[in-house]
Amino acid sequence: QEVLQGRSEVTWDLLASLKYITMCLKESLRMFPPVPQIFRQLESPLTFPDGRTLSEGSRVGISKYSLHHNPHVWENPMEFDPLRFSPENSKDRNPYAFVPFAAGPRNCIGQHFAMNELKTAVALILQRFSLTLDDTREEPFPVPKLILRAKKPGLFLKISPLQVE
């Protein structure tokens, strides 16, 4: 509301001002990556620091969910903390520690569009509504399949219009 100042549209210029929403979205994507695992085929041999080697052509699975919850990288990994993605907290982090859209030559070409679309949607929703978990239901439990979803019956929110002053 502070950034939009009552506007009903999010302009391109405003997207960069939505810093806290961006940090919240990144933290949500860290905790619950929409695609929790990726698979690749090695184009060249890979030797680990302990000397073990995977040969060229090996198929490798990478759990983004595990990577994003690694306590050696993320302090209190099960805690929602958007400030992990502040510039000062992100500057020394390995760029491959957070890969919600994959990384390298096979990353998602639409990741910037997706983030801008998410920021726009969240900003416009939060300008008009208050969202809270429905505490009459069990807390959602993530189920990793091809995409990460909440275990049935799903995720329930209470949506209340904000009182505009």
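Because the structure is predicted, anything quoted here is derived from the model rather than measured.

A. Spotlight on the nonpolar core. Ranked by internal contacts, the top residues of the largest apolar core, which has 15 residues, are V10 and L18. Listing elements by their share of this core, those giving two or more residues are α1 (12–15), α2 (19–31) and α5 (111–128). The element contributing the most residues to this core is α2, with 4 residues.

B. Quick peek at α5. An ideal rise of 1.5 Å per residue puts 26 Å on 18 residues; α5 measures up with 26 Å between its terminal C-alpha atoms. Next to the buried residues of α5 lie α1, α2 and β5 (129–133).

C. Here's a closer look at the side chain of N116. Summarising the element assignment, N116 is placed in helix α5. The contact partners of N116, leaving out residues within four places of it in the chain, are W12 and L15.

D. Looking closely at the pattern of salt bridges. A complete count under the given rule lists 4 salt bridges for this structure. For E27, the salt bridge is made with R30, and the minimal N-O distance between the two is 2.8 Å. Of the two residues, E27 and R30 are both situated in helix α2; the distance of 3 residues between them amounts to about one turn of the helix. A relative accessible area of 0% means that E27 is categorised as buried. Residue class for R30 comes out buried when judged on its relative accessible area of 0%.

E. Structural detail: the packing of aromatic side chains. Summed over the entire model, instances satisfying the criterion amount to 2 aromatic pairs. Their ring planes at 40 degrees and their centres at 5.7 Å tell us that W74 and F85 sit as a pair that is tilted. Separated by 11 residues along the polypeptide, W74 in the loop between α3 (64–67) and α4 (87–90) and F85 in the loop between α3 and α4 bring together distant segments of the chain. F85 matches W74 in its accessibility class, with the two residues each being buried.

What counts, and at which threshold
- Residues numbered from 1 in each chain as written.
- Predicted model: local features only at pLDDT ≥ 70, side-chain atom pairs only at ≥ 80, totals over all residues.
- Heavy atoms only, no water.
- Core = buried A, V, L, I, M, F, W, Y, C linked by side-chain atoms within 4.5 Å.
- Buried < 20%, exposed > 50% of the residue type's maximum accessible area, 1.4 Å probe, protein only.
- Helix = DSSP H or I, 4+ residues; strand = E, 2+ residues; numbered from the N terminus.
- Expected span 1.5 Å × (residues − 1).
- Contact = heavy atoms within 4.5 Å.
- Salt bridge = Lys/Arg side-chain N within 4 Å of Asp/Glu carboxyl O.
- Phe/Tyr/Trp six-rings, centres within 6.5 Å; stacked < 30°, edge-to-face > 60°.

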